[in-house]
Amino acid sequence: MRYAETGYNLEIDLSKGSIDKVETDPRDTALYLGGHGMNAKILYDRVPPGTDPWSPDNLLIFGNGLLNGTCVPGANRVSVNTIAPVNGFFGHSLMGGFFGAEMKMAGYDRIIIKGEASDLVYLAIHNDKVEIRDARHLAGKGMVDTQRMIQEELNDKRAMVAAIGPAGEHRCITASIDCGNSSAARTPGPVMGAKKLKAIAIRGTKDVNLAHPVEMWEMCSRLRKELDANPNIGDWMATDEDDSFHHNNFSWGNARVRRKTFWSDALEERWRNLKYDHMNRWTGCWNCPKACHNLIQWPNRRRFSYKCYGKDTYHMASFQELDFTYEILPIAMDLGFDSYSTPQVIAFALELLDAGILTDKDFPGMPDDIRQRFYYLLQKIAFREGIGDILAHGVSGAAAIIGNGAEQFDHNTVKKFEQLPIKLGKLNPAYYLMIATGEDMAITQIEGSFPQDPIADPELREEFIKKWVAVPDKKFHDWFRQWVKRDQLPDDAMCAITDWNECMHYLDDALGFCGFVSSFRGQFGGTTGYHVWNMPQIITHATGWEFDKDRLWECFQRDRNLIRALNNRLGLRRHMERPPEDHWAVRNEEYEQQLLTKYYDFKGWTFDGIPTKDTLDKLSLGYVSEDLIKRGVLTGDEVTALNDTRAKKEKE
């Protein structure tokens, strides 16, 4: 019997119309756990380099976290992975809500989609009954209508429907896959559209087996109470109305303008009333005691929910206030757009218009009112009409097509992904490493375990450390004690801090944990719900495998190096690993490059940022090192970065 996992993948080939239930190897689960770790292995094994991300041969994988569908509170994240059209690398997105639990209880750990349908279709899954159904009548429909109409067709309101809107159908780079306002942003949406797959509807009623059910239930009952009572976890933006941090510190428009004194007590009171006058209730994801979604009913709009910084992006991009976000967000979400990147694309286009790089001829009939301009461009992009056909490529893609100096306005992307609009004065070395070397879309998928800034007051600092139980080693306590200025910690500390931040997100994404109860919350003080000290016991109770911190950390390193090698095979090299040039006002190129070299060496990578043969082999990734040698990515004789002659020249 398989525990925690079902032991089966659902394989769909839309070109052939075939449906297969495929048994998996438990030894792979023991190595990669689940989520994006297993998804990365499948992509490595089955999508060779040179495959066009838009082609039928690319895979789209919905991968359950190992603990999804169990009694473990806060475990509900599905990793949605593919080769991303935006840059040709491993595309990683996450979706919360209820989809993952339904998938697990339907009997599947992963849904693997290949091929391209001849016309628009959707998948209907109810346990072992799986159908590919005609979806031509859903063409052009938004998220809400698509989900409602499919539930009516299936006569099952409890079916979870993950769908794309018009933005995904038209392969817009910033399109998302949505399931009840829980979205997998950007990379998978356009690929789902390319496969002509409008939606996946899933319903499951099977049991999920646990190796030690009594012990697991006792542990999870305690954890649920602790999570519920813990004010340090969950999304603080769901209940805290003081949002001065984002509005005073993040940049407005096309990620350029700081408004350091924007926030005020009067504004906070006005926005608080605006929110609670239109909020129905808070909602949460599967089996989580933290209700982080604000459910809003805005006049003349369909009800919608949002969380975190998504409530700010549209009004900050347009220099408006919260009422505009409440007004436009339900429409943008229904069209199937990501709320982090899309507002930046629109602000980018309007900045090009102001600069004369684009002209009024590119925007025929566009209103003068800024709010109406945003609506105008949303529609143009979603349906790829006129200038929208270019903007659908995202900021980097559109800038390359437009040319004529437009590339200079693409100043807030990393590896062609739009970033949070953060512009700071002085370099934070650990954040430099995370932003430059991260394999995910943005810093929020990497940061979270170590604070962003030191605490000056010694008593407050010690109080922070006292509650900081998540640290994997006491050396992090020592580093935090000696930390006075943001840019001043030993380089080895910066490398280890980056590694730990990565570790927690990789484990969350493999196991299915939401970052708001785990990886993302440690930086703010207090206790987190999950960390390297309690995760092993949970895995042991769930699977029956004996896990400890060292074995868990090795799983992280294996997944991290596998994804790194996958991207290296696809062409990722050192020169691509740069934050936006204006991310920090003060830059030191020489120091940054030396730090990057030290981080590569810390990870067991070459000077070019590729895991060495020895690093891969020690992590049971010998098949990867053999493949990289065969393809000429490695020779097999490489040394780690600091031992390279080029590193020695950096010091001269």
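Details of the structure are given in the entry above.
Nothing here was measured: the structure is a model prediction, and the numbers come from that model.

**Student:** Outline the overall build of the chain, listing residues and values.
**Tutor:** For the chain, the count of helices and strands is 25 helices and 21 strands. On C-alpha atoms alone, the chain measures out to a radius of gyration of 24 Å, which is about the 26 Å that the 2.2 N^0.38 rule sets for 652 residues. Here the chain holds 652 residues, and 63% of them are scored as buried. A separation of at least 24 residues holds for 69% of the contacts in the chain among residues at least 6 apart in sequence. Of the roughly 24100 Å² of accessible surface on the chain, 49% is carried by carbon and sulfur atoms. Within the chain, the 93 negative side-chain charges are centred at a point lying 1 Å from the centre of the 79 positive side-chain charges.

**Student:** So what about the packing of helix H2 (residues 35-46) against helix H21 (residues 549-569)? Which residues, and what values?
**Tutor:** It is at 9 Å that the axes of H2 and H21 come closest, and there the two elements cross at 35°. Taken as a pair, H2 and H21 cross one another with a handedness that is left-handed. Contact residues: His36, Gly37, Ala40, Lys41, Leu43 and Tyr44 in H2; Asp559, Leu562, Ile563, Ala565, Leu566 and Arg569 in H21.

**Student:** I'd love a proper account of the environment of Gly609, names of residues and values included.
**Tutor:** With respect to the helices and strands, Gly609 occurs in the loop between helix H22 (589-603) and helix H23 (613-618). Leave out the neighbours within four places in its chain, and Gly609 touches Arg564, Asn568 and Tyr600.

**Student:** Now, about the sheet that holds strand E1 (residues 8-13): what can you tell me, with residues and values included?
**Tutor:** The 6 strands are arranged E2-E1-E6-E3-E4-E5 in an open sheet whose pairing can be described as mixed. Sheet topology places strand E2 (18-23) and strand E5 (90-95) at the edges, where each strand pairs with a single neighbour. When the angles between neighbouring strand axes are averaged without regard to direction, this sheet yields 20°. Two elements, strand E3 (residues 60-64) and strand E4 (residues 78-83), share 4 bridges in a ladder whose sense is antiparallel. Pairing of Asn64 across the sheet is with Val78, part of E4.

**Student:** Requested: an account of helix H13 (residues 370-382), with residues and values cited.
**Tutor:** Here H13 spans 18 Å end to end across 13 residues, near enough to the 18 Å set by a 1.5 Å rise per residue. The secondary structure elements touched by the buried residues of H13 are helix H5 (166-169), helix H10 (313-317), helix H11 (322-335), helix H12 (342-355) and helix H14 (387-391). N-cap assignment for H13: the residue whose side-chain oxygen lies 3.1 Å from the backbone N of Arg371 is Asp369. Once H13 finishes, Arg384 follows within two positions and takes phi at roughly 50°, a positive value.

Definitions and cut-offs
- Residues numbered from 1 in each chain as written.
- Predicted model: local features only at pLDDT ≥ 70, side-chain atom pairs only at ≥ 80, totals over all residues.
- Heavy atoms only, no water.
- Helix = DSSP H or I, 4+ residues; strand = E, 2+ residues; numbered from the N terminus.
- Rg over C-alpha atoms; globule rule 2.2 N^0.38 Å.
- Buried < 20%, exposed > 50% of the residue type's maximum accessible area, 1.4 Å probe, protein only.
- Contact = heavy atoms within 4.5 Å.
- Areas by Shrake-Rupley, 256 points an atom, 1.4 Å probe, with all protein chains shown as cover.
- Lys, Arg positive; Asp, Glu negative; His and termini not counted.
- Charge placed at Lys NZ, Arg CZ, Asp CG, Glu CD.
- Axes fitted to C-alpha atoms, helices over the stretch in contact; angles between N-to-C directions.
- Left-handed = near helix turned anticlockwise from the far one by under 90°.
- Pairing = 2+ DSSP bridges.
- Expected span 1.5 Å × (residues − 1).
- Polar contact = N/O pair within 3.5 Å; in protein donor to acceptor, adjacent residues only side chain to side chain.

Worth remembering: the numbers are spatial, not functional.
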